[in-house]
Amino acid sequence: MIVDKFEHAGAVLSIDLDALADNWRLLQQRSGAAACAAVVKADAYGLGAGRVAPHLARAGCRAFFVAHLDEALSLRPLLPASCAVYVLHGVPPGAEADCLAGDAIPVLNSLAQVEAWRRLAGTAGRRLPALLQVDTGMARVGLAPAEVRRLATDPALLDGVEIRYVMSHLACAEEQGNPLNRVQLERFSALRELLPASAASLANSSGIFLGPDFHCQLTRPGAALYGVAPVAGQPNPMRPVIRLQGKVVQLREIDARTSVGYGASWVAPAPTRIATVAVGYADGFLRSLSSRASAWYMGVALPLVGKVSMDTITLDVSSLPADALHEGSLVDLINERHTIDRVAELAGTIGYEILTSLGQRYFRRYLGD
Ligand SMILES: *Cc1c(COP(=O)(O)O)cnc(C)c1O
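Note that the structure is a prediction, hence the values are computed from the model and not measured. (Residues numbered from 1 in each chain as written. Predicted model: local features only at pLDDT ≥ 70, side-chain atom pairs only at ≥ 80, totals over all residues. Heavy atoms only, no water.)

Visitor: Report on the side chain of Asn-181, specifying residues and quantitative values.
Guide: Within the fold, Asn-181 resides in helix H8 (residues 180-194). Under the relative-accessibility criterion, Asn-181 is labelled buried at 2%. Leave out the neighbours within four places in its chain, and Asn-181 touches Leu-170, Cys-172, Ala-173, Glu-175, Gln-176, Leu-210 and Phe-214. (Helix = DSSP H or I, 4+ residues; strand = E, 2+ residues; numbered from the N terminus. Buried < 20%, exposed > 50% of the residue type's maximum accessible area, 1.4 Å probe, protein only. Contact = heavy atoms within 4.5 Å.)

Structure representation (structure tokens):
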């Protein structure tokens, strides 16, 4: 479903493309001599890869990462030929020719993926570009050290594969003091020694802030582009990119001892004015925010009372003047002061999940394009 009229919408998601581009420029600057890519998997963390990626390409970004081949095939035609689109999961078996035809570049994560890409290069009669991922501490995807040694002893296994970057991924980069960061860097250097000389890529958003040793030749930020704080416990240097506003669909006065919402979990201690807002857990406003989050209107906090429903939340708006809100008024749920990270903390999750849960029923307003 596409909500293409503000008047029809229950909520408005504003996405500031200028702030996004500023964030990319800051990350490029912090990446030093390395090139800075943009990770736009999961529809650019829910913000719309079709708008985000071309905007970053205009800002100068030349490398884009998605997770799935189909994400790459949809994105590729929207970007200039000078941009590369890399597929983090690599190619599912049998889809290699489609990947090549679609001008997507796989991250090879296993000896089987290397072998399939090498064979395709043989058929194509030319060297084919790829990234090669080695595992240094995630145990998720990428070649295990023994598999890297296998490639080292039998270099023919890489015939026809042009390795653009050897890459790996950090497990704890947002914790600057975590010893695993250095351990992973050392394992990465050791594994690179075994492979043909090539450029390298290690840092995600948080990894960029671990310093120059982690930058290599290409950095791969995602979350920080979209405004999520890259370093735990430190001020956020990124500009906020999104603002989420919910529309009031009803206002009512309730008596003391009246319960609100499913499970009658909240009971008014006194006469209360309640605003019902058309955003619920089906829109990614997580149910774990029940009785925890607030909305904001003209700087006033409006506590969420009762459970988050599928399509609505209920707010105690008694602290506002009686005529401040009416049906159709917009209240802020996420903004520059009440950030993605703060909402995530209240929900018991991380900013990444708040972003990627953002629903399809919002009227999306792109600013600065
Ligand atoms: C998602 C992802 C990134 C981006 O990570 P952020 O923490 O969002 O910056 C980089 N590299 C890989 C391999 C990823 O899966």
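Visitor: Before we move on, could you go through the nonpolar core and cite the residues and values that matter?
Guide: If you look at soluble globular proteins, the nonpolar side chains tend to sit buried side by side. Val-40, Phe-64, Tyr-226 and Ile-242 are the most contacted members of the largest nonpolar core, which totals 119 residues. For this core, the element with the highest residue contribution is helix H1 (residues 17-30), accounting for six residues. Beyond its immediate chain neighbours, meaning those up to four positions away, Phe-64 contacts Ala-38, Val-40, Ala-53, Leu-56, Ala-57, Leu-75, Leu-79, Cys-83, Ala-84, Val-85 and Tyr-86. Of all hydrophobic cores here, the second largest spans six residues; its members include Ile-254, Val-260, Ala-268 and Val-305. (Core = buried A, V, L, I, M, F, W, Y, C linked by side-chain atoms within 4.5 Å.)

Visitor: Can you lay out the pattern of salt bridges for me, pointing to particular residues and giving the numbers?
Guide: Going through the model one piece at a time under the given rule, you end up with 13 salt bridges. One salt bridge connects Glu-115 with Arg-118, and the closest N-O pair in it is separated by 2.9 Å. Remark: Arg-118 and Glu-115 occur in helix H6 (residues 111-124); sequence separation between them is three residues, near one turn of the helix. With a relative accessible area of 25%, Arg-118 lands in the partly exposed category. One network of salt bridges, with partners in common, ties together Asp-16, Asp-22, Arg-25 and Arg-239. (Salt bridge = Lys/Arg side-chain N within 4 Å of Asp/Glu carboxyl O.)

Visitor: Describe the environment of Pro-221, listing the residues and the values that go with them.
Guide: Locating Pro-221 in the fold gives a position in the loop between strand E10 (218-219) and strand E11 (242-254). Judged by its relative accessible area of 0%, Pro-221 falls in the buried class. Separated by 183 residues in sequence, Pro-221 and Ala-38 have C-alpha atoms that sit 5.7 Å apart. The contacts of Pro-221, once residues within four sequence positions are left out, are Leu-27, Cys-36, Ala-37, Ala-38, Val-39, Ala-203, Asn-204, Ser-205 and Ile-208.

Visitor: Got a sec to walk through unusual backbone geometry? Specific residues and values, please.
Guide: The backbone phi angle of Tyr-45 is positive, close to 50°, even though this residue is not glycine. Inspection of the secondary structure puts Tyr-45 in helix H2 (residues 41-45). Assessed through its relative accessible area of 6%, Tyr-45 is described here as buried.

Visitor: Run through the site of the ligand, naming residues and quoting values.
Guide: Taken together, 14 residues lie near the ligand, and Lys-41, Tyr-45, Ser-205, Ala-223 and Tyr-352 sit nearest. A distance of 2.7 Å separates an oxygen atom of the ligand from a polar side-chain atom of Lys-41. Gly-222 places a main-chain nitrogen or oxygen 2.8 Å from an oxygen atom of the ligand. In isolation the ligand offers 390 Å² of accessible surface; the protein chains occlude 93% of this area. Residues that form the shell around the ligand fall into these classes: seven nonpolar, four polar and three charged. (Near = heavy atom within 4 Å. Polar contact = N/O pair within 3.5 Å; in protein donor to acceptor, adjacent residues only side chain to side chain. Areas by Shrake-Rupley, 256 points an atom, 1.4 Å probe, with all protein chains shown as cover. Nonpolar A, V, L, I, M, F, W, Y, C, P; charged D, E, K, R; others polar.)

Visitor: Outline the environment of Ser-205, listing residues and values.
Guide: Mapped onto the elements, Ser-205 comes out in helix H9 (residues 205-208). Judged by its relative accessible area of 3%, Ser-205 is buried. Separated by 23 residues in the primary sequence, Ser-205 and Val-228 have C-alpha atoms spaced 9.2 Å apart. Aside from chain neighbours lying at most four places away, what touches Ser-205 is Arg-220, Pro-221, Gly-222, Ala-223, Ala-224 and Pro-230. At 3.1 Å, the side chain of Ser-205 forms a polar contact with the backbone nitrogen of Ala-224.

Visitor: Break down the side chain of Asp-332 for me, citing the residues and quoting the values.
Guide: Mapped onto the fold, Asp-332 is located in strand E18 (residues 330-334). On the basis of relative accessibility, which here comes to 8%, the residue Asp-332 falls in the buried class. A distance of 3.4 Å separates polar atoms of two side chains, one belonging to Asp-332 and the other to Gln-245. A polar contact is formed between the side chain of Asp-332 and the side chain of Asn-335, at a distance of 2.7 Å. With residues up to four places along the chain from it excluded, the contact list for Asp-332 reads Arg-243, Leu-244, Gln-245, Ala-295 and Trp-296.

Visitor: Tell me about the environment of Ser-198, residues and numbers included.
Guide: Within the fold, Ser-198 resides in the loop between H8 and strand E9 (199-201). As a C-alpha pair, Ser-198 and Tyr-352 span 154 residues in sequence and 31 Å in three-dimensional space. Ignoring sequence-local partners within four residues, the contact set of Ser-198 consists of Ile-163, Val-166 and Arg-192.

Visitor: Could you give an account of the packing of aromatic side chains, naming the residues involved and the relevant values?
Guide: Pairs of aromatic rings are described using the distance from one ring centre to the other and the angle between the two planes. Applying the stated rule across the entire model yields four aromatic pairs. Both rings, one in Tyr-45 and one in Tyr-352, keep their centres 6.1 Å apart while their planes meet at 40°; by these two values the pair is tilted. Taken together, the residues span a long stretch of sequence, with Tyr-45 in helix H2 and Tyr-352 in helix H11 (residues 351-357) at a distance of 307 residues. When the ring of Phe-65 is compared with that of Tyr-86, the centres are 5.1 Å apart and the planes differ by 35°; the resulting orientation is tilted. Highlighted residues: Phe-65 in strand E4 (residues 63-66) and Tyr-86 in strand E5 (residues 84-87), separated in sequence by 21 residues. One exposure class covers both Phe-65 and Tyr-86, and it is buried. Through pairs of rings, three or more aromatic residues link up here, namely Tyr-45, Tyr-226 and Tyr-352. For Arg-51, the ring lying beneath its charged end belongs to Tyr-366, and the centroid distance is 4.4 Å. (Phe/Tyr/Trp six-rings, centres within 6.5 Å; stacked < 30°, edge-to-face > 60°. Lys NZ or Arg CZ within 6 Å of the ring centre and 35° of its normal.)

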